[in-house]
Amino acid sequence: MAPNLAIAVAVLEEEHVTRAANRLGLPQPTVSHAMRRMNDTIGAPLVQRCGRGVVPTAAGRAFLPAAREALATLRAARRELADVIDPERGQVCLGFLHTLGVRDVPQLLDAFLAAHPDVRFTLTQGPAQALLDRMRAGEIDVVITAPIPDDAALRSVVLRDEELFLAVPARHRLARREAVDLRQAAGERFIALTSGHGLRQVFDELCVAAGFEPELAFEGEDVATLRGLVGTGLGVAVLPSSPVPTEGVTHVHLRRPPAHRLLGAVWPATRPLPPPTRRFAEFLTESGRRVLSEK
């Protein structure tokens, strides 16, 4: 039942059989067959065809919350058993934004593993909302993200207050300014991440505060790609600084509205953490901010 439950949750969340199969690393026929077995077990179809994908039926929508909770409980029980057998070892599934993989996450892992060398990590990158959804489903233990979600079901710790800049082509009219108001770029063509990314949420809020609706020339899935598009002169973007300079891109300070995002780690508050995850959460709380401030 447990494997079929995981498959059903993935299909209901992805609303697409192929994407669910890719997410789980399974052949598509296996996923389709498992869904048919779940339909037979429940006595009603969980999804129905819609274009090239699927959408949850009424039964599927009612089933998903309980299925997520049951799956999370099963995974937690399996992890707890492993930790009882060998409490000094274990695995932590860490989710984080793509932008944090160059420097921040490696620094944190290096510092943590120096004291806990037997803990293993599974690393998952993606948009903030997708990572948080998978953590709530029990697939990810800790997520490092920005902005930090306001959710009573999660515990969190701030790791850094990160400044955001107006990234412009090197020969842009604003490139020689030390600082500008975001409204000064209101007539520009903007490049932004797609909806569901934390940085896109911050960008949308900044534009509302500045009093204009941006013209979006491109929407992408990766900050490095956005920075490259800026460098070729295809638009401007609101981005964090990069540890690796991008040719042809100038980062200008934003005066108004204040442009920053709180980077933090979050983990579930409503279920017990396995010992390795608990140790990592304690490390992030006690030392994470200091580690990231060290250059």
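We now turn to the structure provided with this report. (Residues numbered from 1 in each chain as written. Predicted model: local features only at pLDDT ≥ 70, side-chain atom pairs only at ≥ 80, totals over all residues. Heavy atoms only, no water.)

## Regarding the overall build of the protein
Stated precisely, the cut-off is as follows: Only DSSP runs of H or I with at least four residues qualify as helices, and only runs of E with at least two residues qualify as strands; both kinds are numbered from the N terminus onward. For the exposure calls, accessible area comes from a 1.4 Å probe over protein chains only, and a residue counts as buried if that area is under 20% of its type's maximum, exposed if over 50%, partly exposed in between. Residues are treated as being in contact if the distance between any of their heavy atoms lies within 4.5 Å. Methods summary: accessible areas were calculated by the Shrake-Rupley approach with a probe of 1.4 Å, and residue burial reflects only the protein chains presented. Positive charges come from Lys and Arg alone, negative charges from Asp and Glu alone, with His and the N- and C-terminal ends not counted. To locate a charge, the coordinates of NZ of Lys, CZ of Arg, CG of Asp or CD of Glu are taken.
Helix and strand counts for the protein come out as nine helices and 12 strands. The principal-axis extent of the C-alpha atoms belonging to the protein is close to 65 × 50 × 30 Å. Here the protein holds 295 residues, and 46% of them are scored as buried. Put simply, 75% of the contacts in the protein that link residues at least 6 apart link residues at least 24 apart. A total accessible area of about 15,000 Å² is found for the protein, and carbon and sulfur atoms account for 52% of it. For the protein, the separation between the mean place of its 35 positive charges and that of its 34 negative charges on side chains is 3 Å.

## Quick look at the side chain of Glu139
Heads up, the condition is: Here a polar contact means two N or O atoms within 3.5 Å. Within protein one must be a hydrogen donor candidate and the other an acceptor candidate, and residues neighboring in sequence count only if both atoms are side-chain atoms.
When you line up the elements, Glu139 lands in the loop between helix H6 (128-136) and strand E5 (142-145). At 2.6 Å, the side chain of Glu139 forms a polar contact with the side chain of Arg23. Separated by 2.8 Å, the side chains of Glu139 and Arg134 make a polar contact. Dropping the residues within four chain positions of it, Glu139 is found in contact with Glu13, Arg23, Arg75, Cys93 and Arg134.

## Regarding the environment of Pro117
Following the sequence through the fold, Pro117 ends up in the loop between helix H5 (104-115) and strand E4 (119-125). Sequence spacing of Pro117 and Val180 is 63 residues, and the spatial spacing of their C-alpha atoms is 46 Å.

## A short note on the packing of helix H2 (residues 17-24) against helix H3 (residues 28-42)
Keep this limit in mind: In this analysis, axes come from line fits to C-alpha atoms, helices being fitted only over the stretch in contact, and the angle between any two N-to-C directions falls in the range 0 to 180 degrees. We call two directions roughly parallel when the angle between them is under 35 degrees, roughly antiparallel when it is over 145, roughly perpendicular when it lies between 65 and 115, and oblique otherwise. Here a crossing is called left-handed whenever its near helix is offset anticlockwise from the far helix by less than a right angle, and right-handed whenever the offset is clockwise. Each residue gets one label: Ala, Val, Leu, Ile, Met, Phe, Trp, Tyr, Cys and Pro are nonpolar, Asp, Glu, Lys and Arg are charged, and the others, such as Gly, are polar.
At a closest axis distance of 9 Å, the pairing of H2 and H3 adopts a crossing angle of 110 degrees. The pairing of H2 with H3 is recorded here as roughly perpendicular in orientation. As for how H2 packs across H3, the hand of that crossing is right-handed. Residues Val17, Thr18 and Ala21 of H2 form the contact with H3, whose participating residues are Gln28, Val31 and Ser32. A breakdown of the residues in the contact of H2 with H3 according to their chemical character gives three nonpolar, three polar and no charged.

## Re H2
Each α-helix turn comprises 3.6 residues. Residues three or four places apart therefore point the same way. Put simply, the test is: Think of the arc as the fan of directions from the helix axis to the C-beta atoms.
Looking only at H2, the buried set comprises Val17, Ala20 and Ala21. For H2, the angular spread of the buried residues around the axis is 100 degrees, confining them to a single face. Downstream of H2 by a residue or two, Gly25 has a phi angle that is positive, lying close to 70 degrees.

## Observations concerning the nonpolar core
Rule in force here: Within this scheme, the nonpolar core is defined by two criteria: the residues are buried Ala, Val, Leu, Ile, Met, Phe, Trp, Tyr or Cys, and they are joined through side-chain atoms within 4.5 Å.
Formed by 31 residues in total, the largest nonpolar core has its most connected members in Leu166, Leu182, Phe190 and Val238. Every residue in contact with Leu182, bar those within four places of it in the chain, is listed here: Leu166, Phe190, Leu206, Cys207, Ala210, Phe212, Val238, Leu254, Arg256 and Pro257. Grouped together as the second largest cluster of nonpolar side chains are 26 residues, Leu94, Phe96, Leu159 and Val291 included.

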